[in-house]
Each structure stands twice: as structure tokens, then as C-alpha cells.
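# Examining the three-dimensional arrangement
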Amino acid sequence: MSAAGERPARNIALQLMYVGTAYHGWQIQKNAATVQETLEQAVGKVVGHPVRFTGAGRTDAGVHARVYIANFRTVSTIPCERMPLAFNARLPEDIVVVSAREVSEGFNAIGSCLKKEYTYQVYNSRIRNAFFVNRAYFYPKRLDEAVMARAAAAFVGTHDFAAVRDVGTNVRSTVRTVYYFDVERSGDLITLRVCANGFLYNMVRIMVGTVLYAAEGKLTPEEIGEILRRGNRVEAGPTVPPGGLYMTKLWYREPVGLDTDPEE
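A brief look at the structure comes next. (Residues numbered from 1 in each chain as written. Predicted model: local features only at pLDDT ≥ 70, side-chain atom pairs only at ≥ 80, totals over all residues. Heavy atoms only, no water.)

Looking only at helices and strands, the chain features five helices and ten strands. For a compact globule of 264 residues, the expected C-alpha radius of gyration is about 18 Å, and the chain comes in at 20 Å, within 12% of that figure. Each principal axis of the C-alpha distribution contributes one length, and for the chain these read about 65 × 40 × 35 Å. Each of the 264 residues in the chain was classed as buried or not, and the buried ones make up 49%. Residue pairs at least 24 apart in sequence account for 70% of intrachain contacts in the chain once pairs closer than 6 positions are excluded. Surface summary for the chain: the accessible area is close to 12900 Å², and the carbon and sulfur share equals 49%. Considering the chain, the positive charge centre built from 31 side chains and the negative charge centre built from 27 side chains are found 4 Å apart. (Helix = DSSP H or I, 4+ residues; strand = E, 2+ residues; numbered from the N terminus. Rg over C-alpha atoms; globule rule 2.2 N^0.38 Å. Buried < 20%, exposed > 50% of the residue type's maximum accessible area, 1.4 Å probe, protein only. Contact = heavy atoms within 4.5 Å. Areas by Shrake-Rupley, 256 points an atom, 1.4 Å probe, with all protein chains shown as cover. Lys, Arg positive; Asp, Glu negative; His and termini not counted. Charge placed at Lys NZ, Arg CZ, Asp CG, Glu CD.)

So, on to the layout of surface pockets. By volume, the largest pocket is sized at about 720 Å³. Looking at the largest pocket, it is lined by 31 residues, and the ones nearest its centre are Gly57, Arg58, Ile110, Lys116 and Phe199. Residue assignment for the lining of the largest pocket shows that the elements contributing at least two residues are strand S5 (113–123) and helix H4 (203–216). Residue classes in the lining of the largest pocket are distributed as 13 nonpolar, eleven polar and seven charged. (1 Å grid on protein atoms, 1.4 Å probe; cavity = no way out; pocket = protein on both sides within 12 Å on 5 of 7 lines; lining within 4 Å. Points joined across faces, edges and corners; volume = space filled by probe spheres on them. Nonpolar A, V, L, I, M, F, W, Y, C, P; charged D, E, K, R; others polar.)

The terminal C-alpha atoms of helix H1 (residues 35–47) lie 18 Å apart, and with 13 residues this matches the ideal 18 Å at 1.5 Å per residue to within 8%. Taken residue by residue, H1 has Val35, Gln36, Thr38, Leu39, Glu40, Ala42, Val43, Gly44 and Val47 as its buried positions. Summarising the contacts, the buried residues of H1 are in contact with strand S1 (10–18), strand S3 (64–74), helix H2 (83–88) and strand S4 (95–103). Just downstream of H1 lies Gly48, where phi reads positive at about 85°. (Expected span 1.5 Å × (residues − 1).)

Next up on the list: the pairing of strand S9 (residues 189–196). Counting buried residues along S9, seven of its eight residues qualify, which places the element largely inside the surrounding structure. Bridge analysis of S5 against S9 gives eight bridges, and the strand direction is antiparallel. Bridge pairing in S9 links Tyr118 to Val194. When strand S8 (residues 175–186) meets S9, the two strands line up antiparallel, connected through eight bridges. Note on S9: the bridge partner recorded for Val183 is Leu192. Once S8 ends, the chain turns through two residues before running back antiparallel as S9, passing Gly187 with a positive phi of about 65°. (Pairing = 2+ DSSP bridges.)

Listed below in C-alpha cells is the structure:
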């Protein structure tokens, strides 16, 4: 990035939040607006040179992030405390830089991430709520959150999650560890929170779809373990819509400005 004799580039981690409705996911794609491309264009204008971001995960089209970490390198001397206001002035209202911090040279937003939490929202009422359009999955049939919690608990632990993965990306292994998968109801809103050391393509949305199948009586919570062991995608539930999904927590050993830092 810098020529001989220029100051060395700093590695900067940004904490972001974004509403994903208008974007075709995080990662840059041809002929489609993405969060990464929008961010790179805005930040490049401020720092005065092209930048390339590494993001904490490849969120899909329509998926949101209440918390997201992305890092980039820059020779700019803008202090980190001034970066959020400067970048936000160039960004659309649905992407916000919350904070900026200089991190070590070896830090990588995805490679250095220890675990992630996603939250999925289901609006469970006979009448839809206009304020939850593209923010929660409208599900008019009454759901039993106790059955949902039992089904969700069946995913906790280290398993081969091939049965709850859509084909889309090549991975070395489909084994992951889920640390918790909690279900809570507050009025008509059901919130499902799942934390793991990594997620496969559409894994969270299929896990939620499987939990909803259990609540409908299409399978029992006790069958989920066997579905995972057989690894057959057609036995699990459907892939629920993206608008109810949010990235909500990230853990790193190196402090990047999050409440969960550092995590050993």
C-alpha cells in the first residue's frame, strides 16, 4: 500500500452496525450493492486511498448486524477517535461506524474471531406488525416456546452440522461447537440466540426452521440428534427468511472495543 520511505500502514478495526435490507450481504459482488463495497468507498474517500476490508463473517442478503467487526489498513494519520464521525458522514444511514481501534498487525476480523452469536426474531401473532417488516419473521400460527427451547437445546455441543447447511461454500469440515441456543418470548416476539465457534452457510436459519418444525409437531426435539447424525439436509426444517437474523456478539482475544473483549 505504501511506497518506500512512507510511514507504515496501521491496522484499524471498526465496530459497525447495519441494517441489511438494502444490501446483497456483506461481501463484494458484481452488479449488487453490498455492505463491504459501500464501506470501502466511503472510508477510501476519507483516508485518501483505496482500502480493502476483512469482515467478521459473510452475512447474507437481508441479514442485519447489531455488532460487526471489520479491519482495514491505512497510512492515514486520522486519530481513531475521529474516524467514526468522519466515516459516518460519507455512509448511508443504514450503515454506522460505532468505534475504531488500532489493532496488532496480525489481527484479522474473521481469522481472529473465537466465537459468534446470532439472534433470530420471530413475530408470533395472528396480526402482522408493520414495524417488524424485514426485521422479524412473521409467523401467525401460535408457537410453544417451551417445545422450541427443547428443540434448540438438542443442537448444543460439538456435532457434524451437515444436515443444517445449505450447499454454497466449500469447507474443510462441517463439525462445529454450539455453546448455547436459547429461546425467549416477550409478548408476541420470540428471540432465539445461538453462539458457536463458527457457522456453516445458512446454518442458523435452518436450525431455526428445524426448531419451528418441532413446535409445529412435524418432528420431535428428540429426533434432532439423529437428524444431525444422519447428516441429511432434507430431514431438517426449512431455511427461514433472512430479515429476522442479526449478528449480535463477537469474541476476540485482542481488545477491539467490544463489551465481550478480551476472551481467553
